[in-house]
Amino acid sequence: MAGIFLYEFMMKLLISGKLKFKPGEISLLNDPMSILPMKMIKSMTDDMVREGMKGISELYYWGWVSGYELTYRLAVSMNLKKFEDRYKLVMDIAAMFGFGDYKTLSFEKAKYTKFNVIQNPFAKRYYPSKELVDHLLRGVNAGGGTVVHERIMNCIELECAAQNNTHCLFVNASDEVLSTLDQKVVGMQLDIKTLREKQIDFIRSMGHDSFIPLPRK
């Protein structure tokens, strides 16, 4: 069933001209795209992980920016004003890029989304491992989720196909929800203070100040 929906989404993009294939060029919303092998993404991830939290944060942040920009531009081009429509869009985008089949478990608007990614081919390259490896994908998830929920969201991985060879479990969450989760797990994946400054700067550069929650008084 997921394959049918993905085919319909891809056809919609092709028919509308939002996705184009030309000799030597693939473009989405007139931006050039490329197809990268998972082996290359794994090598890049391994290099960043060797740098510790600094490298992980950089990889995560650029995934976040990519997820945000792509989701926002597609949502605008398709005139998706409802939360539910934007959420379906971000699930379709994720499936299109080949990181596994997304299955929503639960969500609450502007608070969190909990979801499985089934048979993630990137994470499975690490199996068997004790590590949570999807730092780039976490960023993409969170950037897209920020557009969907219209507030800054960040993502942590709770289970990984690198460990179980079947699925990854993620939570996209607001600061309030993140504060209720296991802080050891959160701290191993997110440097919130550093990330938040960069995320706010990026959002303001896009002119989207309404996505930034007001500080508590």
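Residues numbered from 1 in each chain as written. Predicted model: local features only at pLDDT ≥ 70, side-chain atom pairs only at ≥ 80, totals over all residues. Heavy atoms only, no water.

Novice: Honestly, the overall build of the protein chain in this entry has me stumped. Any pointers?
Specialist: Looking only at helices and strands, the protein chain has 10 helices and seven strands in total. For 217 residues, the compact-globule estimate of 2.2 N^0.38 gives 17 Å, and the C-alpha radius of gyration of the protein chain, at 17 Å, lies within 12% of that figure. Its C-alpha atoms give the protein chain principal-axis dimensions of roughly 45 × 45 × 30 Å. Taken over 217 residues, the protein chain has a buried fraction of 43%. Pairs at least 24 residues apart make up 65% of the contacts formed inside the protein chain by residues separated by at least 6 positions. As presented, the protein chain carries roughly 11,700 Å² of accessible surface, and 58% of it is formed by carbon and sulfur atoms. Of the side chains in the protein chain, 29 bear a positive and 25 a negative charge, and the two mean positions are spaced by 2 Å. (Helix = DSSP H or I, 4+ residues; strand = E, 2+ residues; numbered from the N terminus. Rg over C-alpha atoms; globule rule 2.2 N^0.38 Å. Buried < 20%, exposed > 50% of the residue type's maximum accessible area, 1.4 Å probe, protein only. Contact = heavy atoms within 4.5 Å. Areas by Shrake-Rupley, 256 points an atom, 1.4 Å probe, with all protein chains shown as cover. Lys, Arg positive; Asp, Glu negative; His and termini not counted. Charge placed at Lys NZ, Arg CZ, Asp CG, Glu CD.)

Novice: Just checking my understanding: could you explain the pattern of salt bridges for this structure?
Specialist: Opposite charge on two side chains allows them to pair when their charged atoms are near. In total, this model carries nine salt bridges according to the counting rule given. R151 is the partner of E176 in a salt bridge, and the nearest nitrogen-oxygen pair spans 3.2 Å. Placement of E176 in helix 8 (residues 175-178) and of R151 in the loop between helix 6 (135-149) and strand 6 (154-159) is noted, with a sequence separation of 25 residues between them. Residue R151 is classed as buried on the basis of its relative accessible area of 16%. Where D209 meets R204, a salt bridge forms, and the shortest distance between an N and an O atom there is 3.8 Å. (Salt bridge = Lys/Arg side-chain N within 4 Å of Asp/Glu carboxyl O.)

Novice: Just to check I follow, could you spell out the sheet that holds strand 6 for this structure?
Specialist: Within the open sheet, the four strands sit side by side as 4-5-7-6. Their pairing is antiparallel. The open sheet terminates on both sides in strands that have one partner only, identified here as strand 4 (101-108) and strand 6. Taken pair by pair, the neighbouring strands of this sheet meet at an average axis angle of 20 degrees, ignoring direction. Bridge count for strand 4 against strand 5 (residues 112-118) is seven bridges, and the pairing is antiparallel. Within the sheet, the bridge partner assigned to S106 lies in strand 5 and is K114. (Pairing = 2+ DSSP bridges. Axes fitted to C-alpha atoms, helices over the stretch in contact; angles between N-to-C directions.)

Novice: What is the right way to read the layout of surface pockets from this model?
Specialist: Unfilled space is identified by rolling a water-sized probe across the atoms. By volume, the largest pocket amounts to about 1,200 Å³. For the largest pocket, the lining is made up of 42 residues, of which M33, S34, L70, F97 and F99 are closest to its centre. If you list the elements that add at least two residues to the lining of the largest pocket, you get strand 1 (19-22), strand 2 (25-28), strand 3 (31-33), helix 2 (38-49), helix 3 (53-77), helix 4 (83-96), strand 5 and helix 6. Sort the elements by how many residues they give to the lining of the largest pocket and helix 3 lands first, with nine residues. (1 Å grid on protein atoms, 1.4 Å probe; cavity = no way out; pocket = protein on both sides within 12 Å on 5 of 7 lines; lining within 4 Å. Points joined across faces, edges and corners; volume = space filled by probe spheres on them.)

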